[in-house]
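Structure at a glance
What follows is each chain in one-letter form.
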Amino acid sequence: MLRDFPWVVVRMRCHFCRRGGDVRLAVFAEKYGAYATLGHLVIQFIKGCEWAPWNPTRRPQKYGMKCGGYCMDLRRPDPPDLPPGMSGLHLIEGGLSEKLPASPPEVERRKRVGGD
Ligand SMILES: [Zn+2]
């Protein structure tokens, strides 16, 4: 629900139509009420997309593109506007042994045996 959303700005994006927008939580709460869910807001966002599955001008297709609208900051643990330097150090899985090589490794060539 909007009243439980911890961040000031609600950011919506779409993978296909590249639409998106940042709306303050207070604006959404005034328009839809504090008890509206983010799922309802995502559906409202998807309805404005030309790839929306409910668009009457498009025939339903089994494998056709559908709007990929989503809320960027859902279940995000840290504030989205926190500068990278303030978030502290992160432990990255893996280590030096899993580091990708900068160049492909040497391939051992087989030598021709016999002949001259
Ligand atoms: Zn879309």
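Reference entry: report on the structure contained in this document. The model shown is predicted, which means the values in this text are computed figures rather than measured ones.

In terms of regular secondary structure, the chain is built from 2 helices and 3 strands. Written out in order from the N terminus, the α and β elements of the chain read β-β-α-α-β. Long-range pairs, those at least 24 residues apart, make up 59% of the contacts in the chain with a sequence separation of at least 6. Summing over all exposed atoms, the chain offers an accessible surface of approximately 10200 Å²; the carbon and sulfur share of this is 56%.

Within the first shell, the zinc ion binds the protein through Cys14 (SG), Cys17 (SG), Cys49 (SG) and Cys67 (SG), at distances of 2.1 to 2.7 Å. Every donor counted, the 4 donor atoms about the zinc ion form angles of 86 to 164° at the centre, which fits square planar coordination. Sequence positions of the donors to the zinc ion reduce to the motif C-x2-C-x31-C-x17-C. With a gap of 32 residues between them, Cys17 in the loop between β1 (9-13) and β2 (20-24) and Cys49 in the loop between α2 (38-47) and β3 (70-71) connect regions that are remote in the sequence. Relative accessible area serves as the criterion here: at 3%, Cys49 is assigned to the buried category.

Before going further, it helps to spend a moment on the nonpolar core. One finds Leu2, Phe5, Val10, Met12, Leu38, Leu41 and Cys71 to be the most contacted residues of the largest nonpolar core, which totals 18 residues. Breaking this core down by element, the ones donating at least two residues are β1, α1 (25-32) and α2. The greatest single-element share of this core, amounting to 5 residues, is contributed by α2. Filtering out sequence-adjacent residues up to four positions away, Leu41 remains in contact with Leu2, Met12, Phe28 and Tyr32.

Taken in spatial order, the 3 strands of this open sheet run β2-β1-β3, and their pairing is antiparallel. If you trace the sheet from one side to the other, it starts and ends with β2 and β3, each paired once. Bridge analysis of β1 against β3 gives 2 bridges, and the strand direction is antiparallel. If you follow Met12 over to β3, its bridge partner there is Cys71. Each of β1 and β2 touches α1; the most contacted strand, β2, lies at about 85° to it.

Below, the discussion takes up the pattern of salt bridges. Following the criterion strictly, the structure yields 4 salt bridges and no others. Arg76 is paired through a salt bridge with Asp73; the nearest N and O atoms lie 3.6 Å apart. By sharing partners, the salt bridges in this structure join Arg11, Asp73 and Arg76 into a single network.

Definitions and cut-offs
- For every chain, the first residue of its written sequence is number 1, and the numbers climb from 1 along that sequence.
- Given that the model is predicted, a residue must reach a pLDDT of at least 70 before its local features are reported, and side-chain atom pairs must reach 80 or more before they are shown or counted; all residues, however, enter totals for whole chains, interfaces and linings.
- Note that water and hydrogens are dropped before the side-chain values are worked out from all heavy atoms of the structure.
- The helix count covers DSSP runs of H or I at least four residues long, the strand count covers runs of E at least two residues long, and both are numbered beginning at the N terminus.
- Any two residues whose heavy atoms approach within 4.5 Å are treated as being in contact.
- Methods summary: accessible areas were calculated by the Shrake-Rupley approach with a probe of 1.4 Å, and residue burial reflects only the protein chains presented.
- Each metal's donors are the N, O and S atoms within 2.8 Å of it, or within 3.2 Å when it is Na, K or Ca, and because water is not part of the set, sites may look incomplete.
- Irregular is the default label, applied whenever a site is not tetrahedral (four donors, all angles between 85 and 135 degrees) and neither square planar nor octahedral (four or six donors, opposite donors over 155 degrees apart, all other angles between 65 and 115).
- For the exposure calls, accessible area comes from a 1.4 Å probe over protein chains only, and a residue counts as buried if that area is under 20% of its type's maximum, exposed if over 50%, partly exposed in between.
- Residues enter a nonpolar core if they are buried and are Ala, Val, Leu, Ile, Met, Phe, Trp, Tyr or Cys, with the set joined through side-chain atoms within 4.5 Å.
- Any two strands are treated as partners once DSSP identifies two or more bridges connecting them.
- To get an axis, fit a line to the C-alpha atoms, keeping to the stretch in contact for a helix; angles then go from 0 to 180 degrees between the N-to-C directions.
- Just to be clear on terms, a salt bridge is a Lys or Arg side-chain nitrogen sitting within 4 Å of an Asp or Glu carboxyl oxygen.

Scope: geometric values only; no functional claims are made or implied.
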